Amino acid sequence: MSSKRDYYEVLGITKAASKEEIKKAFHKLAHKFHPDKKEGDADKFKEVSEAYSILSDDKKRAEYDSYGRVFGGGGAGAGGFNGGGFDFSQFQDAFSQGFEFNMGDVFNDFFAGQGGATRTRRGRDISIDLEISFKDSIFGIKRTVLLAKTSVCDGCQGSGAKMGTETQTCTHCNGAGKVHETNNSIFGTITMVQPCRHCRGTGKIPKEKCETCRGEGVYKKQDEIEIMVPAGIEAGEMIRLSGMGEAAQGGSSGDLYVKVHVQNDARFKKDGPNLMTDLSIKLSDALLGTSYKIQTLEGEETIDIPAGVTHGEILKVKGKGVPFARGKRGDLLVRVKIQLPSKLSRSARTLVEKLKEEGI
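This is a predicted model, so every value here is computed, not measured.

Quick notes on the rules
Residues numbered from 1 in each chain as written. Predicted model: local features only at pLDDT ≥ 70, side-chain atom pairs only at ≥ 80, totals over all residues. Heavy atoms only, no water. Helix = DSSP H or I, 4+ residues; strand = E, 2+ residues; numbered from the N terminus. Buried < 20%, exposed > 50% of the residue type's maximum accessible area, 1.4 Å probe, protein only. Areas by Shrake-Rupley, 256 points an atom, 1.4 Å probe, with all protein chains shown as cover. Salt bridge = Lys/Arg side-chain N within 4 Å of Asp/Glu carboxyl O. Expected span 1.5 Å × (residues − 1). Pairing = 2+ DSSP bridges. Axes fitted to C-alpha atoms, helices over the stretch in contact; angles between N-to-C directions. Parallel < 35°, antiparallel > 145°, perpendicular 65-115°, else oblique. Contact = heavy atoms within 4.5 Å. Nonpolar A, V, L, I, M, F, W, Y, C, P; charged D, E, K, R; others polar.

Considerations on the overall build of the protein chain
Each helix and strand in the protein chain was counted, giving nine helices and 17 strands. The buried share among the 360 residues of the protein chain stands at 32%. Counting every atom, the protein chain has about 22600 Å² of accessible surface; 49% of that belongs to carbon and sulfur.

Laid out in structure tokens, this is it:
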């Protein structure tokens, strides 16, 4: 499914739809488009199934509503990107499911054929690394980075013409934006359609060139890019910012891919929606019970230690874990570690011996 499709639009519901309304809409459309039906549609069935898998899950729906994509596991249909290069298994899956792969489309992309349309120019994608703290990975953060890249010229808005002047038809391609080049090869004569070098495929050239970009329409400059890092992001995940890559004259900009690196925190570890931390207590406190001050990601909290707590027992501080879904949070899980004294005073030894006599 295209990442540009709106999942709510696919199911024919509004953003305020309840889980029950989402479920009803899915069942209705799934019944209508099921491939086993006489008038079924496999592609439509796949679309509604994907939309339902996101919108029926509170966490995925919240991420989709906020960022237009899903970060945690399987969010590719909503604009995700996991990096690591192209996955050729996608072609294998397509063949095994009976999808057609039109080799003519591939040759058209390269050669465009007689009378065929040239491909739209697209700027280069950019990949950068972003390091954030453990706390920021839990709650999310807005970061601004300074990036040197090819951008659309501010002086001419990408036209290449000096502001206030006109453009004229390119005399090299007669305004077509493309030229035919004939080459001889072992296969015979091949005619290729190429974008015109003089107007870069636009069919227009400026009468008077922009002084900022010298008529290129784009130029290298430093841009401030705002990156919204979502709450609960995992180390190694990628954030895709569509159109924030390098610009191409007369075409579209590439994308910016941000790989997130999360700093380790000596106190906390993630365990799904929960956070884990250790708390060392004295033996006497374990036996008698008491209260301790512990650190959370938001400051100090008091936790009650019940009498007779055991080594390794998990105590829970509700609502101090990882945010997920809408307004919900996991818990802080506190693992108790009982400290045993390395040496005993004479009086302490006497007390322990009495406890031993009592079978404790």
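Moving on, there is more to tell.
Thoughts on the pattern of salt bridges
If you walk through the whole model with that rule in mind, you get 22 salt bridges. A salt bridge links Arg124 to Glu246; the shortest N-O distance between them is 3.4 Å. Placement of Arg124 in the loop between α6 (103-111) and β1 (126-132) and of Glu246 in the loop between β8 (238-241) and β9 (256-262) is noted, with a sequence separation of 122 residues between them. The exposure class assigned to Glu246 is buried, which follows from its relative accessible area of 9%. The residue Asp331 makes a salt bridge to Lys316 at a minimum N-O spacing of 4.0 Å. Of the two residues, Asp331 is situated in the loop between β16 (328-329) and β17 (332-339) and Lys316 in strand β14 (residues 314-317); the sequence distance between them amounts to 15 residues.

Quick notes on helix α9 (residues 346-357)
With 12 residues, α9 extends 17 Å from end C-alpha to end C-alpha; this agrees with the ideal 16 Å at 1.5 Å per step. Where α9 ends, the next residue or the one after it, Gly359, has phi of about 85 degrees, a positive value.

What about the sheet that holds β17?
In any sheet, the strands associate via hydrogen bonds between backbone groups, in a parallel or an antiparallel arrangement. Read from one edge to the other, the open sheet built from four strands follows the order β10-β11-β17-β14, with strand pairing classed as mixed. Of all strands in the sheet, those with a lone pairing partner are β10 (269-271) and β14, marking the two edges. Shown here is a sheet whose adjacent strand axes are inclined to one another by a mean of 40 degrees, direction ignored. Of the pairings in the sheet, the one linking β10 to strand β11 (residues 274-282) comprises three bridges and is antiparallel in character. Directly across from Lys269, in β11, lies its bridge partner Met276.

Quick word on the packing of helix α3 (residues 42-55) against helix α4 (residues 58-67)
One way to put it is that α3 packs onto α4 with a least axis distance of 6 Å and a crossing angle of 100 degrees. One finds that α3 runs roughly perpendicular with respect to α4. Residues Ser53, Ile54 and Leu55 of α3 touch α4, and the partners they reach there are Lys60, Arg61 and Tyr64. Class assignment for the residues of the contact of α3 with α4 results in three nonpolar, one polar and two charged.

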